[in-house]
Amino acid sequence: KNEVEQSPQNLTAQEGEFITINCSYSVGISALHWLQQHPGGGIVSLFMLSSGKKKHGRLIATINIQEKHSSLHITASHPRDSAVYICAVPIYGFLNEKLTFGTGTRLTIIP
Amino acid sequence: DVKVTQSSRYLVKRTGEKVFLECVQDMDHENMFWYRQDPGLGLRLIYFSYDVKMKEKGDIPEGYSVSREKKERFSLILESASTNQTSMYLCASSLRGGSARGTGELFFGEGSRLTVL
């Protein structure tokens, strides 16, 4: 069983829709990462959060440590948001050197 | 901006060849990582290094070695490439112990797509 589960695996939505991607994990963590990967390979770090909520532009990430669950929301989605979104958690405790990654959610926004 | 640069975007090699993948970062990060990414399997850690000349095995180190002679450079070596090492290889860096300080953001290179024939 993967220690980090993401849902859905694939998501297609119309431009403008509100998007939610979920991440559940089974180990205690100090922080959780959300990453974005556009076609072509490059991965960009979106958020690192250990509690509550963070917002950057149209992206919002929330985490509930007790429930071991995090969500990534995109408001007013746009075709340029089409990418794979990956969550990752450190499973070896205090330092984040070793991360376990979810397999990603492929998001496609249709104009 | 932090920059992580991988030496080659695309490589095609033959079975048995020695392959070097190089990664350079310009932010004085202690941690550097090599991952491979395969469809359906996500990112898997091959090796990481938390300081010069220091290295630790990740989840799938077999068939790989690494070298970190300078802080900014982390090399991945395939001593004898095999077809099952055809994959996307991603290098990343971060500050050591950054998770608790809120500075543990990971910075990735653009990736190196290796095909072994």
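Below is a short write-up of the structure. Remember, it's a predicted structure, so these values are computed and weren't measured experimentally.

It is worth spelling out the overall build of chain B at this point. The secondary structure content of chain B amounts to one helix and 11 strands. Walking chain B from its N terminus toward its C terminus, one meets helices and strands in the order β-β-β-β-β-β-β-β-β-α-β-β. Principal-axis analysis of the C-alpha atoms places the extent of chain B at approximately 45 × 30 × 25 Å. Within chain B, the fraction of its 117 residues that count as buried is 48%. Taking as baseline every contact in chain B between residues at least 6 positions apart, the subset at least 24 positions apart corresponds to 57%. Accessible surface, chain B: about 5700 Å² in total, of which carbon and sulfur atoms supply 49%.

Glancing now at the overall build of chain A. In terms of helices and strands, chain A carries zero helices and 11 strands. The order of α-helices and β-strands along chain A, N terminus first, is β-β-β-β-β-β-β-β-β-β-β. As displayed, chain A has an accessible area near 5100 Å², and 52% of this comes from carbon and sulfur atoms.

All names here are of chain B. According to the stated counting rule, one finds six aromatic pairs over all chains in the structure shown. Ring geometry for F33 versus F48: centroids 6.0 Å apart, planes at 25°, classification stacked. A residue pair is termed long-range when its members are at least 10 positions apart, and F33 in strand 4 (residues 31-38) and F48 in strand 5 (residues 42-51) qualify at 15 residues. We note that F33, like F48, is buried. Between F48 and Y50, the aromatic rings sit 6.3 Å apart at their centres with planes inclined by 50°, giving tilted as the arrangement.

Our next topic: the state of the cysteines. Residue and element names in this part refer to chain A. Under the defined criterion, the tally for this structure stands at two disulfides over all chains. The disulfide partner of C23 is C87, and the gap between their sulfur atoms is 2.0 Å. The chirality of the disulfide connecting C23 with C87 is right-handed, given an S-S dihedral of about 75°. One end of the pair, C23, is in strand 3 (residues 19-25); the other, C87, is in strand 9 (residues 83-90), with 64 residues separating them in the sequence. Overall, the relative accessible area of 0% leaves C23 in the buried class. Given the relative accessible area of 0%, C87 is considered buried.

All names here are of chain A. Checked against the element boundaries, I60 lands in strand 7 (residues 59-64). According to the relative accessible area criterion, I60 is buried, its value standing at 16%. With 27 residues separating them in the primary sequence, I60 and H33 have C-alpha atoms 13 Å apart. Not counting residues within four places of it along the chain, the set of residues in contact with I60 comprises F47, K53, K54, K55, S71, L72, H73 and T75.

Looking now at the sheet that holds strand 8 (residues 73-78) of chain B. Residues and elements named next belong to chain B. Reading across the sheet, the four strands line up as 1-3-8-7 and stay open at both edges, with antiparallel pairing between neighbours. Looking at which strands have only one partner, the edges of the open sheet turn out to be strand 1 (4-6) and strand 7 (65-70). If you compare each strand with its neighbour and ignore which way they point, the axes differ by 20° on average.

A few words now on the sheet that holds strand 1 (residues 4-7) of chain A. Residues and elements named next belong to chain A. With respect to topology, five strands assemble into an open sheet ordered 1-3-8-7-6, the strand pairing being antiparallel. For this open sheet the edge positions go to strand 1 and strand 6 (52-56), each flanked by a neighbour on one side alone. For this sheet, the mean angle separating the axes of adjacent strands, direction not counted, is 15°.

Reading the values: the criteria
Note that residues are indexed from 1 along each chain, following the sequence as it is written. To label them, take the chains in the order written and letter them from A, then take the ligands in the order written and number them from 1. In keeping with the model being predicted, local features are shown solely for residues with a pLDDT of at least 70 and side-chain atom pairs are shown and tallied solely at 80 or more, while totals for entire chains, interfaces and linings include all residues. Hydrogens and waters are ignored; side-chain quantities use all the structure's heavy atoms. Here a strand is any run of E in DSSP of at least two residues, a helix any run of H or I of at least four, and the numbering for each starts at the N terminus. Note on classification: 1.4 Å probe, protein chains only; a residue is buried when its accessible area is under 20% of the maximum for its type, exposed when over 50%, partly exposed between these limits. Contact definition: two residues touch when any of their heavy atoms are within 4.5 Å. Under the convention used here, a 1.4 Å probe and the Shrake-Rupley method define accessible areas, while residue burial counts only the protein chains that appear. Within 6.5 Å between ring centres, the rings of Phe, Tyr and Trp (the latter by its six-membered ring) count as paired, and their orientation is classed by plane angle as stacked under 30 degrees, edge-to-face over 60, tilted in between. Any two cysteine sulfur atoms within 2.5 Å of one another count as a disulfide. Should DSSP find at least two bridges between two strands, the strands are taken to pair. Only the contacting stretch of a helix is used when fitting its axis, a line to C-alpha atoms as for every element, and angles between N-to-C directions run 0 to 180 degrees.

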